[in-house]
Amino acid sequence: MGFRCGILGLPNVGKSTIFNALTATAAAEAANYAFSTVEPNIGEVAVPDPRLAELARLAKSAEIVPTRLSFVDIAGLVRGASRGEGLGNQFLAHIREVDAIAHVVRCFADDDITHVEDRIDPIADIETIETELMLADLESLERRVEGLEKRVRGGDKESVDMLDLVNRALVPLRDGKPARSIERRPEEEKTFHTLGLLTSMPVLYVCNVDEASAASGNPFSAAVEARAAQEGAAAVTISAKIEAEIALLPREERGEYLSAIGLSEPGLDRLIRAGYRLLDLVTFFTAGPKEARAWTVTRGSRAPKAAGVIHTDFERGFIRAETIAYDDYVTLGGEVGARDAGKMRLEGKEYVVADGDVMHFRFAT
């Protein structure tokens, strides 16, 4: 479905190193100078989910197909980007194309890696980026006002609501607060999204720490976590250096390496899952002899939309969804056991898909 999480931050904070490790490629050039990434690199990653292997075992599936997310490595922003500094608006345009932001913050000291502002202060880095995004949003909205006012005077009813929303979004931006902080009604969400505001996107702070701090973090990452909690945002702590090393190891050696350095799983697994939650996504499954597969929909999606993720014909001709909760499927030994125990439900067009549903769609051709 094209869910995209943009990786951004100041230059030299580890964005491209993290992206390379995520995609296990060298698609993004990781270099110790500003603007080493100019065009955004895009990589798809599998979302780790242990439920899928268990479903495959019970269904005797020949293949396992995880659900996936796209991560976009966006070049480093600098102070003044909203006025065209660095590569400026070119980067800001790339950010508008994603659904959420993974903001990589430098939480380590290293004299061999320069900082674009010659200091290590993750909170100041966050404020630099957010200020540029807010300034870009402010300029974008202020340009809209005059045209909307003309349309309102001409009797355009839709423009009345749009102008009201724009004016309400301008209030926090002029006060130095992100646009996502405005209160809005559920029915306004779709219109609000069309404004394309950079500071309306959900944010995940990625604290890039030194190797010694990978397991427990450090004072820098603690400050970022506190900031995230205050904003209602999310935060994860990882070491880009460690993740880059893990990505080069054969899969069978990764567990031993992680255990040796006191980690239970790669930090990137936590990053991917956090990005998945940030986008407010849920997973449903299909399982059979051919494959066990995970699929992604936005939370609150109804059954026909989920069917359409598999194939558009399924959505157009949707009749019903044979649905088993994951726990029931596993506890009762698979589809046959769940059906015999009365745990297979026939759900219609209004059913809201729950995370973990194992589904089989019936449709008319």
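As the structure is a prediction and not an experimental result, all values here were calculated from the model.

Draft legend 1. Spatial organisation of the overall build of the protein. The number of helices and strands found in the protein is 14 helices and 12 strands. Every one of the 365 residues in the protein was classed for burial, and the buried ones make up 48%. In the protein, once contacts between residues fewer than 6 apart in sequence are set aside, the share between residues at least 24 apart is 69%. Working note: accessible area of the protein is about 17,700 Å², and carbon and sulfur atoms make up 50% of it.

Draft legend 2. The side chain of T67, seen in detail. Relative to the elements of secondary structure, T67 occurs in the loop between β3 (64-65) and β4 (68-73). Residue class for T67 comes out buried when judged on its relative accessible area of 7%. Within the structure, the side chain of T67 is placed 2.3 Å from the side chain of T296, a separation counted as a polar contact. Apart from the residues within four sequence positions on either side, T67 is in contact with V45, A46, V47, Y276, T283, A294, W295 and T296.

Draft legend 3. Inspection of the packing of helix α4 (residues 122-153) against helix α7 (residues 219-231) at higher detail. Interaxial distance between α4 and α7 falls to 9 Å at its minimum, and their mutual angle equals 45°. Comparing their axes, α7 and α4 come out oblique. In contact with P122, I123, I126, E127 and E130 of α4, α7 contributes F220, A223, V224, R227 and E231. A class-by-class count of the residues in the contact of α4 with α7 yields 6 nonpolar, no polar and 4 charged.

Draft legend 4. The arrangement of the confidence of the model for the protein in detail. Mean pLDDT for the protein: 86, with 88% of residues reaching 70 or above. Counting interchain partners and residues more than four positions distant, the pLDDT-below-50 stretch residues 25-39 has 42 contacts. Predicted confidence is poor over residues 84-88, with pLDDT under 50, and the contacts of this stretch with residues over four places away or in other chains come to 8 contacts.

Draft legend 5. Structural view of the sheet that holds strand β7 (residues 234-238). Taken in spatial order, the 6 strands make up an open sheet running β2-β4-β1-β5-β6-β7, and their pairing is mixed. Both edges of this open sheet fall to β2 (41-46) and β7, since each of them pairs with a single strand only. When strand polarity is set aside, the average angle formed by the axes of neighbouring strands in this sheet is 25°. Summarising the sheet, strand β5 (residues 100-106) and strand β6 (residues 203-208) pair through 6 bridges and their orientation is parallel. In the strand pairing of β6, A102 is matched with L204. Where helix α1 (residues 15-23) meets the sheet, it contacts β1 (4-8), β2, β4, β5, β6 and β7, and its direction lies at approximately 45° from that of β2. Packed onto the sheet, helix α10 (residues 267-278) meets β2, β4, β5, β6 and β7 and runs at close to 165° relative to β7.

Draft legend 6. Just the environment of L138, in detail. With respect to the element layout, L138 can be found in helix α4. For the pair L138 and A179, spaced 41 residues apart in the sequence, the C-alpha separation amounts to 9.1 Å. The contact partners of L138, leaving out residues within four places of it in the chain, are L170, L173 and R174.

Draft legend 7. Focus on the packing of aromatic side chains. This model, assessed by the stated rule, comprises 5 aromatic pairs. For the pair F285 and Y326, a centre-to-centre distance of 6.4 Å together with 45° between the ring planes defines the contact as tilted. Of this pair, F285 sits in strand β8 (residues 281-287) while Y326 sits in helix α13 (residues 326-331); the two residues are 41 residues apart in sequence, bridging distant segments of the chain. Like Y326, F285 is buried. Cluster of aromatic residues (ring-pair linked, three or more members): F284, W295, F318 and F361.

Draft legend 8. View of the pairing of β2. Only one face of β2 is buried: it carries N41, G43 and V45, and the other face, with I42, E44 and A46, is open. As paired elements, β2 and β4 share 6 bridges and run antiparallel to each other. By the bridge assignment for β4, G43 is matched with F71.

Draft legend 9. Spatial organisation of the environment of E158. Looking at the secondary structure, you find E158 in helix α5 (residues 157-174). Between the alpha carbons of E158 and L148 there is a distance of 9.6 Å; along the sequence they are 10 residues apart.

Draft legend 10. Highlighting α1. The buried fraction of α1 is high, at 8 of 9 residues. Every buried residue of α1 is accounted for by K15, S16, I18, F19, N20, A21, L22 and T23. Where α1 ends, the next residue or the one after it, A24, has phi of about 55°, a positive value.

Draft legend 11. Spatial organisation of the nonpolar core. Residues I18, L22, L69, F71, I95, V206 and L271 are the most contacted members of the largest nonpolar core, which totals 49 residues. Considering every element that reaches this core, the biggest residue donor is α10, with 6 residues. Membership of the second largest hydrophobic core comes to 17 residues, among which are L148, L165, I182 and L197.

Scoring rules and cut-offs
- Residues numbered from 1 in each chain as written.
- Predicted model: local features only at pLDDT ≥ 70, side-chain atom pairs only at ≥ 80, totals over all residues.
- Heavy atoms only, no water.
- Helix = DSSP H or I, 4+ residues; strand = E, 2+ residues; numbered from the N terminus.
- Buried < 20%, exposed > 50% of the residue type's maximum accessible area, 1.4 Å probe, protein only.
- Contact = heavy atoms within 4.5 Å.
- Areas by Shrake-Rupley, 256 points an atom, 1.4 Å probe, with all protein chains shown as cover.
- Polar contact = N/O pair within 3.5 Å; in protein donor to acceptor, adjacent residues only side chain to side chain.
- Axes fitted to C-alpha atoms, helices over the stretch in contact; angles between N-to-C directions.
- Parallel < 35°, antiparallel > 145°, perpendicular 65-115°, else oblique.
- Nonpolar A, V, L, I, M, F, W, Y, C, P; charged D, E, K, R; others polar.
- pLDDT = per-residue confidence, 0-100.
- Pairing = 2+ DSSP bridges.
- Phe/Tyr/Trp six-rings, centres within 6.5 Å; stacked < 30°, edge-to-face > 60°.
- Core = buried A, V, L, I, M, F, W, Y, C linked by side-chain atoms within 4.5 Å.

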